[in-house]
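Each chain, letter by letter, is given below.
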Amino acid sequence: MERTFIMVKPDGVQRNLVGEIIRRFENKGFKLAGLKLMSVSQELAEKHYDSLKDKAFFPGLVKFICSSPVVAMVWEGDNVVVTSRQMIGATNPHAAAPGTIRGDFGVAVGRNLIHGSDAIETAQREIALWFSEAELVTWETTLNPWLYEL
Ligand code: DAT
Ligand code: MG
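Keep in mind that this is a model prediction, so the values were computed, not measured.

Peer 1: Explain the sheet that holds strand β1 (residues 3–8) here, please?
Peer 2: The strands that make up a sheet pair up through hydrogen bonds in the backbone, lying either parallel or antiparallel. Taken in spatial order, the four strands of this open sheet run β2-β3-β1-β4, and their pairing is antiparallel. With one partner strand each, in any of the chains shown, β2 (31–38) and β4 (114–116) form the two edges of the open sheet. Pairs of neighbouring strands in the sheet enclose a mean axial angle of 15 degrees, with direction left out of account. Direction of pairing for β1 relative to β4: antiparallel, over a ladder of three bridges. Residue pairing across strands places V8 opposite I114, the latter belonging to β4. Along the sheet, helix α5 (residues 80–88) makes contact with β1, β3 (70–76) and β4, crossing β1 at roughly 25 degrees.

What follows is the structure in structure tokens.
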């Protein structure tokens, strides 16, 4: 089953949106495979955003991610990578549609509340970066026949 890496950023945790965000993924029908509240080291933040290291906003972005705890998660489900990005909305909350997380709760690109992997390969890289094998849980839900045509 496909997996993606989702992180509630420091602003989402500070604004008490962890429950709201988890609720949306649960209600959609995705299954939690990993979850932890953590402080982020500069090294981890720099590795996570490595593809953006040449951008002018990179130092501010890394500083922001390290400024306060985040909630790192792995969610599982059919097409979860693309669907999560749709649920999260456009990078800039100005452009994020109502009904999306950024569209409903954000007003600034540097405070856009949540990260989601942008492709299956990115998800695999990010899950391996943020979680050890032992922290990822494989489990069965009895809801499967009601979520999927098996
Ligand atoms: P996304 O988080 O939608 O995948 P991204 O990978 O392009 O977007 O950028 C990562 C984060 O960097 C983004 O969530 C917020 C920040 N960011 C992106 N563009 C920015 C900009 N023009 N100014 C400030 N921060 C920006
Ligand atoms: Mg991205």
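We are not done yet, so read on.
Peer 1: What exactly am I supposed to notice about the side chain of R24 here?
Peer 2: Tracing the backbone through its elements, the reader meets R24 in helix α2 (residues 18–28). Assessed through its relative accessible area of 16%, R24 is described here as buried. Excluding its chain neighbours within four sequence positions, the residues that come into contact with R24 are M87, G99, T100, I101, D104 and F105.

Peer 1: Teacher, can you tell me more about a nonpolar patch on the surface here?
Peer 2: There is a patch of nonpolar side chains on the surface, built from L143, W146 and L147 and spanning about 380 Å² of accessible area. Mapped onto the secondary structure, L147 falls in helix α8 (residues 144–147).

Peer 1: What is the right way to read the packing of aromatic side chains from this model?
Peer 2: Between two aromatic rings, the relevant description is the distance of the centres plus the angle of the planes. Across all of its chains, the model carries three aromatic pairs by this definition. Between F5 and F131, the aromatic rings sit 6.4 Å apart at their centres with planes inclined by 70 degrees, giving edge-to-face as the arrangement. With a gap of 126 residues between them, F5 in strand β1 and F131 in the loop between α7 (120–130) and α8 connect regions that are remote in the sequence. Residue F5 shares its accessibility class with F131, and that shared class is buried. One aromatic cluster in this structure is built from F5, W130 and F131. Taking NZ or CZ as reference, K31 lies 5.3 Å from the ring centre of W139, over its face. A cation over an aromatic ring shows up here: K36 above the ring of F131, its NZ or CZ 4.6 Å from the ring centre.

What counts and how
- Residues numbered from 1 in each chain as written.
- Chains lettered and ligands numbered in written order.
- Predicted model: local features only at pLDDT ≥ 70, side-chain atom pairs only at ≥ 80, totals over all residues.
- Heavy atoms only, no water.
- Pairing = 2+ DSSP bridges.
- Helix = DSSP H or I, 4+ residues; strand = E, 2+ residues; numbered from the N terminus.
- Axes fitted to C-alpha atoms, helices over the stretch in contact; angles between N-to-C directions.
- Contact = heavy atoms within 4.5 Å.
- Buried < 20%, exposed > 50% of the residue type's maximum accessible area, 1.4 Å probe, protein only.
- Patch = residues over 30% accessible without salt bridge, like charges linked within 9 Å, V, L, I, M, F, W, Y side chains within 5 Å.
- Areas by Shrake-Rupley, 256 points an atom, 1.4 Å probe, with all protein chains shown as cover.
- Salt bridge = Lys/Arg side-chain N within 4 Å of Asp/Glu carboxyl O.
- Phe/Tyr/Trp six-rings, centres within 6.5 Å; stacked < 30°, edge-to-face > 60°.
- Lys NZ or Arg CZ within 6 Å of the ring centre and 35° of its normal.

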